[in-house]
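Descriptive analysis of the structure
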Amino acid sequence: MADTTTLAVRPEPLLPRRRELLFGTAFGTAGVVMALVTLIGTYIATRDAAGAAWLAENDIPLTQPNMQLLTLGMSAVTMQWAVWAIARDDRYHTYMALGVTLLLGVAFVNQTTFLYSYAGITLAQPEGPLFYAVTAGHLAMVVAGIVFILLMSFRALGGQFSSRQPDGIAAAALFWYACIGLYALIWFAVYVQK
Amino acid sequence: MALTETRPEIDEGTTPGAERPAATSLERLVGTGDHLSNGRVLIGFALFFLALSATGLTLAALDATTTDGLLGGIAEPLLTSSLVGLALLGVMPLLVGLGFYLVPLQVGSPSIAFPRAASLSLWGWLVGAALFVLSVVLDGGIGGSSDDAARIGSLSLGLVMVSLALGMVCIATTVLSHRPLGMGLARVPFFSWSMLVAAPIWIMTLGSAVAHIFVGHVVDADAAGLAANFEGGIAWMLRAPSVYALAIPVLGIAADHVGHTTGRRLAPYGLFQGAIAAFGIFSFGVWTQNEVAGQTVVWIAFVVLAALPVVAMLGGLGDVLRRGRVPAIAALGALVLAHLLILGAVLAGALQALDTAGSGNLFDLETGALTTAQLLFVVTAAALGGIAGLVHWSPRIFGSGVGEGLARIAALAVLVGGAILATVMLVQSIAAADGRGGLDEAALYGISAAGAALLTLGVVASLVAVLGAARSSYDGEADEGTAAGGTLEWSAAGVPVAGAELETPSIRSPYPLFDLRDGTEAEGSN
């Protein structure tokens, strides 16, 4: 009885400010994207200065980066599926879409580590530091995106998101799309153009 | 609403009614997410580091006046590090600190967005700033000869940049998502609007610079390599057009101050907002870090066109002041003159743009002095604007007004000192052109040292004024009179209470308190 009384007088928790997380993520993502774009620009400038000798001794197949791009491309669809589902209070599809996105994200990490071991680029060779600054920098961003989605998934499971308050999922989606866009840039600038 | 969002009042295993040890004042200061406290701390330390950087500049200039040198090998690194310190340890955090404190009040919010992130931004910046100063002392900083100290200097600059960017994320998010009903973006007070315009530009500029610091550490992390990395990868943010971005909030402070002092509504409001936004757009210079970009017509256009919104602001504010017949107060004069300093920076930028465009040698100017002049003009304008803002809002920040006499001394010293420094650099860049020989170096550095000393004096005077105002408030001499401002931060007198919900009147124009004063509903009057 006493517990019931306590619950009755306890004030309702405040709803988070609408779109706060989304706006914050957008600004933060802008900074991260600019950092990665700068790294890619530096990579391209250094490679152009080095000429034909750049990565001449390493074998970087295009198959693996293509698969990585496809994986992230598919995750864009599943992430948007999650955004669509939460906007309609379809919790089952939200969880499923977030789960598949996480799976694809982990697959991307796995593919990247495979590519690293296959290409055999070392930090000691001149191309190594910049190559890893760009690709591992992006990999770190993807891992951050996975953690972000995971956190938002737990919050969604806790019932914190709904059609009235979909911001967490939308914010995670925004960050994830930035990861995908940047990978498309890396795919072309680093792997296709080599 | 899920029950998981409700924090239990009593933890399991805790005896009800048992008293917890009270937090000490230091614990409260360090652990708080209160935007008022964090803003005040950031403002105080920013002024301190601004004074320190100006002192470094004075010492470096004094060193150059002597034949044998006073400081040995660290004079050159001290000069470069001090210039960087003026921007990243001085004026940027000063304006961010003002944003921490005032933006939530201006939009009627009891807190800043992401208060813990804002707190992290403050302490991250403070640690970074302290480490940077330490590295300069240990012959590191920028261009020092000690490898380890240079690495510390570079990393600490990275920490400072990330922290400032994080702070701007919090401020901009507050403007966008904490506004009350009725306050559309077209009704946001000018200072908050200017911080919103500055935020994406600062965040992207700092993000790009941080990437270069990262590259410096993974590619060539010795002292010489890091110095070359700074020159090739980071120095662009301290010259036109990127450097203009430091002064964006000054336009907002000036517009808010003029509206408050004259008691008149600035109209058309959108035109003033547009001018601030246009200045922001022209100061976006991440794309100019490549040398080739610096020789294009687009670059010339960005550098030169930035003058237009500043002139428009100056004209608009001048017109309101002329109609308002206001007394000559220090902060207002400082803000008007800050616009002229920004125009000085644009002039220096335009000279460089015309000089280096196309073939690259139209006037044969000395580029190093010219870029230093741009930085000094903008830094002085931003410092002047920040200090004027502090004076203007001091009844709300410290509880009592800053003394007008001290404010005049501070504003005058900063203005004259900074203007001397920047003008000497501008003149030197022209005089030192090919075949012209330049000025007498000893005289040049002597004048520069005097200018830097005046700048230091002005910043110290403003720090003293601010501490005096804070102390008056602490001693119970707070000014409880209601100020007649038009925007929400003036809706109560004295220092606001942390976390208190403000009584927000109905927002029907950019000046809700003027609406109350005039008894008008001012429907659609923005």
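That block above? That's the structure.
Residues numbered from 1 in each chain as written. Chains lettered and ligands numbered in written order. Predicted model: local features only at pLDDT ≥ 70, side-chain atom pairs only at ≥ 80, totals over all residues. Heavy atoms only, no water.

The next thing to look at is the overall build of chain A. When helices and strands are tallied, chain A shows six helices and zero strands. Mapped from its N terminus to its C terminus, chain A presents α and β elements in the order α-α-α-α-α-α. For chain A, whose C-alpha radius of gyration is 21 Å, the value lies well above the compact-globule estimate of 16 Å for 194 residues. Taken along the three principal axes of its C-alpha coordinates, chain A extends 80 × 30 × 25 Å. Per-residue burial for chain A yields a buried fraction of 44% across its 194 residues. Restricting to contacts in chain A with at least 6 residues of sequence separation, those with at least 24 account for 82%. With the model as given, the accessible surface of chain A reaches about 9,300 Å², and the carbon-plus-sulfur share is 69%. Distance between charge centroids for chain A: 11 Å, based on 10 positive and 10 negative side chains. (Helix = DSSP H or I, 4+ residues; strand = E, 2+ residues; numbered from the N terminus. Rg over C-alpha atoms; globule rule 2.2 N^0.38 Å. Buried < 20%, exposed > 50% of the residue type's maximum accessible area, 1.4 Å probe, protein only. Contact = heavy atoms within 4.5 Å. Areas by Shrake-Rupley, 256 points an atom, 1.4 Å probe, with all protein chains shown as cover. Lys, Arg positive; Asp, Glu negative; His and termini not counted. Charge placed at Lys NZ, Arg CZ, Asp CG, Glu CD.)

A few words on unusual backbone geometry. Residue Pro 241 of chain B is reached from Ala 240 of chain B by a cis peptide bond, and omega for that bond is 0 degrees. With respect to the secondary-structure elements, Pro 241 of chain B resides in the loop between helix 7 (223-233) and helix 8 (248-262). Going from Ala 267 of chain B to Pro 268 of chain B, the amide bond is cis rather than trans, its omega being -5 degrees. Within the secondary structure layout, Pro 268 of chain B lies in the loop between helix 8 and helix 9 (269-282). Its identity is not glycine, yet Asp 89 of chain A carries a phi of approximately 55 degrees, on the positive side.

Each partner contributes residues to the interface: chain A has 25 residues there, and chain B has 32 residues. Of the roughly 2,300 Å² buried where chain A meets chain B, counting both sides, 73% is carbon and sulfur surface. For the pair chain A and chain B, the interface holds zero salt bridges. Counting the contacts that link chain A with chain B gives two residue pairs in polar contact (both at pLDDT 80 or more). For the side of chain A that touches chain B, the secondary-structure elements that each account for two or more residues are helix 2 (20-50) and helix 5 (128-157) of chain A. Considering every element that reaches the side of chain A that touches chain B, the biggest residue donor is helix 2 of chain A, with 13 residues. Classifying every residue of the side of chain A that touches chain B by side-chain character gives 13 nonpolar, seven polar and five charged. (Buried area = accessible area lost by both parts, 1.4 Å probe. Salt bridge = Lys/Arg side-chain N within 4 Å of Asp/Glu carboxyl O. Polar contact = N/O pair within 3.5 Å; in protein donor to acceptor, adjacent residues only side chain to side chain. Nonpolar A, V, L, I, M, F, W, Y, C, P; charged D, E, K, R; others polar.)

This paragraph deals with the nonpolar core. By size, the foremost hydrophobic cluster in this structure holds 164 residues, and its most contacted members are Leu 88, Trp 125 and Tyr 244 of chain B. The contact partners of Leu 88 of chain B, leaving out residues within four places of it in the chain, are Pro 93, Trp 125, Leu 157, Val 160, Met 161, Leu 164, Leu 206 and Met 237 of chain B. (Core = buried A, V, L, I, M, F, W, Y, C linked by side-chain atoms within 4.5 Å.)

What follows deals with a nonpolar patch on the surface. All names here are of chain B. Together, Val 127, Leu 131, Leu 134, Val 137, Leu 138, Ile 152 and Leu 159 make up a nonpolar patch on the protein surface, roughly 560 Å² of accessible area in all. Contributions of two or more residues to the nonpolar patch are made by helix 4 (115-137) and helix 5 (147-177). A total of four residues in the nonpolar patch trace back to one element, the largest contributor, which is helix 4. Here Leu 131 is to be found in helix 4. Its relative accessible area of 33% is what places Leu 131 among the partly exposed residues. (Patch = residues over 30% accessible without salt bridge, like charges linked within 9 Å, V, L, I, M, F, W, Y side chains within 5 Å.)

Between two packed helices, the angle of one axis relative to the other and the distance separating the axes together describe the packing. Residue and element names in this part refer to chain A. Closest axis-to-axis distance for the helix 4 (residues 91-119)/helix 5 pair is 10 Å, and the angle between their directions is 160 degrees. Taken together, the axes of helix 4 and helix 5 are roughly antiparallel relative to one another. The chirality of how helix 4 crosses helix 5 is left-handed. (Axes fitted to C-alpha atoms, helices over the stretch in contact; angles between N-to-C directions. Parallel < 35°, antiparallel > 145°, perpendicular 65-115°, else oblique. Left-handed = near helix turned anticlockwise from the far one by under 90°.)

Now for empty space enclosed by the protein. Residues and elements named next belong to chain B. If you walk through the whole model with that rule in mind, you get nine cavities of 30 Å³ or more. As a volume, the largest cavity reaches approximately 110 Å³. If you go around the largest cavity, you meet 15 residues; those closest to its centre are Gly 141, Ile 142, Ser 154, Leu 226 and Phe 230. Elements that contribute at least two residues to the lining of the largest cavity include exactly helix 5 and helix 7. In terms of residue count, the dominant contributor to the lining of the largest cavity is helix 7 (five residues). Here the residues of the lining of the largest cavity are counted per class, giving nine nonpolar, six polar and no charged. Quantified by volume, the second largest cavity comes out at close to 100 Å³. If you go around the second largest cavity, you meet 13 residues; those closest to its centre are Met 92, Thr 205, Met 237, Ser 242 and Leu 246. Elements with a contribution of two residues or more to the lining of the second largest cavity: helix 3 (75-106) and helix 6 (190-219). Tallying contributions element by element places helix 6 first for the lining of the second largest cavity, with four residues. Of the residues in the lining of the second largest cavity, the class split is 11 nonpolar, two polar and no charged. (1 Å grid on protein atoms, 1.4 Å probe; cavity = no way out; pocket = protein on both sides within 12 Å on 5 of 7 lines; lining within 4 Å. Points joined across faces, edges and corners; volume = space filled by probe spheres on them.)

Attention now moves to the packing of aromatic side chains. Inspection of the entire model under this criterion finds 19 aromatic pairs over all chains. Considering the side-chain rings of Tyr 511 of chain B and Phe 514 of chain B, the 5.2 Å spacing of their centres and the 20 degrees angle between planes classify their relative orientation as stacked. As far as the burial class goes, Tyr 511 of chain B and Phe 514 of chain B line up, both buried. An aromatic cluster is defined as three or more aromatic residues linked by ring pairs; in this entry it consists of Phe 108, Tyr 116, Phe 131, Tyr 132, Tyr 183 and Tyr 191 of chain A. Across the ring face of Phe 514 of chain B, the terminal group of Arg 517 of chain B is positioned such that the distance to the ring centre comes to 4.2 Å. (Phe/Tyr/Trp six-rings, centres within 6.5 Å; stacked < 30°, edge-to-face > 60°. Lys NZ or Arg CZ within 6 Å of the ring centre and 35° of its normal.)

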